[in-house]
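Observations on chain architecture
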Amino acid sequence: MTDPTPIAADDLPQAMPTQGAAFTFGDPVPVLDGRDILDYLECWTNGRWYEPPVDPSGLAKTFRASTHHASALYFKRNLLARSFVPHRWLDRETFSAWALDYLVFGNAYLERPRNLLGGAMKLRHALAKYTRRGGDALECYWFIQGTQEHEFTSGSLHHLREHDINQEVYGLPEYLAALQSAWLNESATLFRRRYYNNGSHAGFILYVSDAQQNQQDVDNIREALKNAKGPGNFRNLFLYSPGGKKDGVQVIPVSEVAARDEFAHIKNVSRDDVLAAHRIPPQLLGIVPQNSGGFGSITEAARIFHASEIEPLQQRLATLNDWLGEEVVTFLPYVAEAPAAAA
């Protein structure tokens, strides 16, 4: 067998010279920037009713996206229901549902049905998620749920709305500016939950570079690692390497890559944004202080919060009285409860 013909150096393929490349990702774009068109079109109508500027289904899903977002809304609702005085036209349960709709959607509806003789009956709550304002007359309202459509009797529905600067058909909730923080809080929680479910927090890379290891030893290590999966997988592994060198066998945890995502920092910052949007002191939601000084007196915080936040909400809800011509919505005065004496 003859020797192969030698190849000249000039005939060898030459490596292509590397070139640098630079590009940009562009400026950050808000998720809801498409809503800017509302500055020009406001709420569009399909001929029978107006569509809300913000999808109520999205607000309903976001309601439970963040722990502190839902807790803050429930907390306000509970304070309002606690001081509400039931009336023969409006019971406490109907009031609670009506107030929660106003806090979540910025719109709340109560229907005043009539009996066969034309007399007024007990007020009924209409879900704000499915109620639409008519396009032909402001006193006309529709209830739209899936393929079912129901038109309310003209003048029988009271619409309480939170004022919006771009249109006067529907109200918008006050917390819209904090939705990005609520979604970030939810995304961080889901990411960490999936991170734990897929087992990345307990995984590692066993890097063996010791030349003294033979294939049988490598196969034994591989088999031992396979048997460590499943229930009881947090087991110890003994490895004997005679004549091995320093750093010949290394354990590289995979979790170190994901440990730098600052999970706690993201949760705290997004939580503070949500609480700022709802204007609720942290001690009223049971948040544990991280400093030694704490948050201050909870009694004083509750008193100031009631005067600056709950009482204005009570006045907004009491506008139903002007529509009914009767004092139906009334509240008990706020009384700060003294702490129980020590035994």
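Okay, so let's go over this structure. (Residues numbered from 1 in each chain as written. Predicted model: local features only at pLDDT ≥ 70, side-chain atom pairs only at ≥ 80, totals over all residues. Heavy atoms only, no water.)

Quick word on unusual backbone geometry
One non-glycine residue with positive phi stands out, namely R279, at about 60 degrees. Mapped onto the elements of the fold, R279 is located in the loop between α8 (263–278) and α9 (298–317). The class of R279 is partly exposed, set by a relative accessible area of 40%. (Helix = DSSP H or I, 4+ residues; strand = E, 2+ residues; numbered from the N terminus. Buried < 20%, exposed > 50% of the residue type's maximum accessible area, 1.4 Å probe, protein only.)

Digging into the pairing of strand β1 (residues 107–111)
Across the 5 residues that make up β1, a large majority, 5, are buried. Here β1 shows a buried face lined by N107, Y109 and E111 and a second buried face lined by A108 and L110. Inspection of the sheet shows β1 paired to strand β6 (residues 157–161) by 5 bridges, in the antiparallel sense. Among the inter-strand pairings, E111 is bridged to a residue of β6, identified as L157. (Pairing = 2+ DSSP bridges.)

Structural notes on the nonpolar core
With 51 residues, the main nonpolar core has L90, F95, W98, L317, L320 and V329 as its most contacted residues. It is helix α4 (residues 92–105) that contributes the most residues to this core, 8 residues altogether. Among residues more than four places away in sequence, those in contact with F95 are L80, A81, F84, L90, L317, V329 and F331. (Core = buried A, V, L, I, M, F, W, Y, C linked by side-chain atoms within 4.5 Å. Contact = heavy atoms within 4.5 Å.)

Observations concerning helix α3 (residues 67–83)
If you check α3, its first and last C-alpha atoms are 25 Å apart, about what 17 residues at 1.5 Å a residue would give, namely 24 Å. Among the residues of α3, those classed as buried are H68, H69, A70, A72, L73, F75, K76, R77, L80, A81 and S83. (Expected span 1.5 Å × (residues − 1).)

Some points on the packing of aromatic side chains
Using the criterion set out here, one finds 10 aromatic pairs in the structure. Arranged with centres 5.8 Å apart and planes meeting at 65 degrees, the rings of F95 and F331 form a pair that is edge-to-face. Of this pair, F95 sits in helix α4 while F331 sits in the segment after α10 (320–324), placing them 236 residues apart in sequence. For the residue pair F95 and F331, the accessibility class agrees, reading buried in each case. Taking 5.9 Å as the distance between ring centres and 55 degrees as the angle between the ring planes, the aromatic pair formed by Y130 and F143 counts as tilted. (Phe/Tyr/Trp six-rings, centres within 6.5 Å; stacked < 30°, edge-to-face > 60°.)

As for α4
With 14 residues, α4 extends 20 Å between its outermost C-alpha atoms, agreeing within 8% with the 20 Å of an ideal straight helix rising 1.5 Å per residue. Listed as buried for α4 are T94, F95, S96, W98, A99, L100, D101, Y102, L103, V104 and F105.

Observations regarding the pairing of β6
Of all 5 residues that make up β6, 5 are buried, and the element is covered over most of its length. Residues L157, H159 and R161 line one face of β6 and the alternating positions H158 and L160 line the opposite face, and both faces are buried.

Digging into the pattern of salt bridges
Summed over all chains, the structure comprises 10 salt bridges. Its salt-bridge partner being K122, residue D91 comes within 2.5 Å of it at the nearest N-O pair. Taken together, the positions of D91 in the loop between α3 and α4 and K122 in the loop between β1 and β2 (124–126) put the pair 31 residues apart, joining distant regions of the chain. Between E111 and R124 there is a salt bridge, with the nearest N and O atoms lying 3.3 Å from each other. Of this pair, E111 sits in strand β1 while R124 sits in strand β2, and the two are 13 residues apart along the sequence. Residue classification places E111 among the buried positions, given a relative accessible area of 13%. Connected through shared salt-bridge partners, K76, E174, R279 and E309 make up one network. (Salt bridge = Lys/Arg side-chain N within 4 Å of Asp/Glu carboxyl O.)

Thoughts on the sheet that holds β1
The sheet built from 3 strands is open, its strands ordered β2-β1-β6 with antiparallel pairing. The two strands at the open ends of the sheet, each matched to only one other strand, are β2 and β6. Direction aside, neighbouring strands of the sheet carry axes that sit 30 degrees apart on average. By the bridge criterion, 3 bridges tie β1 to β2 in an arrangement that is antiparallel. Note that in β2 the partner of E111 across the bridge is R124. Relative to β1, α4 is tilted by about 150 degrees, and along the sheet it contacts β1, β2 and β6. (Axes fitted to C-alpha atoms, helices over the stretch in contact; angles between N-to-C directions.)

What to know about the sheet that holds strand β4 (residues 141–145)
Read across the sheet, 3 strands follow the order β3-β4-β5 without closing on themselves; strand pairing throughout is antiparallel. Looking at the sheet topology across the chains shown, the edges are occupied by β3 (131–133) and β5 (148–151). Neighbour-to-neighbour, the strand axes of the sheet open up by a mean angle of 25 degrees, direction not taken into account. Relative to β4, β3 runs antiparallel, the two being bridged by 3 bridges. Bridge pairing in β4 links R133 to Y141.

Re the packing of α4 against α9
The N-to-C vectors of α4 and α9 enclose an angle of 110 degrees; their axes lie 12 Å apart at closest approach. By the angle between their axes, α4 is roughly perpendicular relative to α9. Mapping the contact onto sequence places F95, W98, A99, Y102 and L103 in α4 and L313, R316 and L317 in α9. Here the contact of α4 with α9 is composed, by residue class, of 7 nonpolar, no polar and 1 charged. (Parallel < 35°, antiparallel > 145°, perpendicular 65-115°, else oblique. Nonpolar A, V, L, I, M, F, W, Y, C, P; charged D, E, K, R; others polar.)

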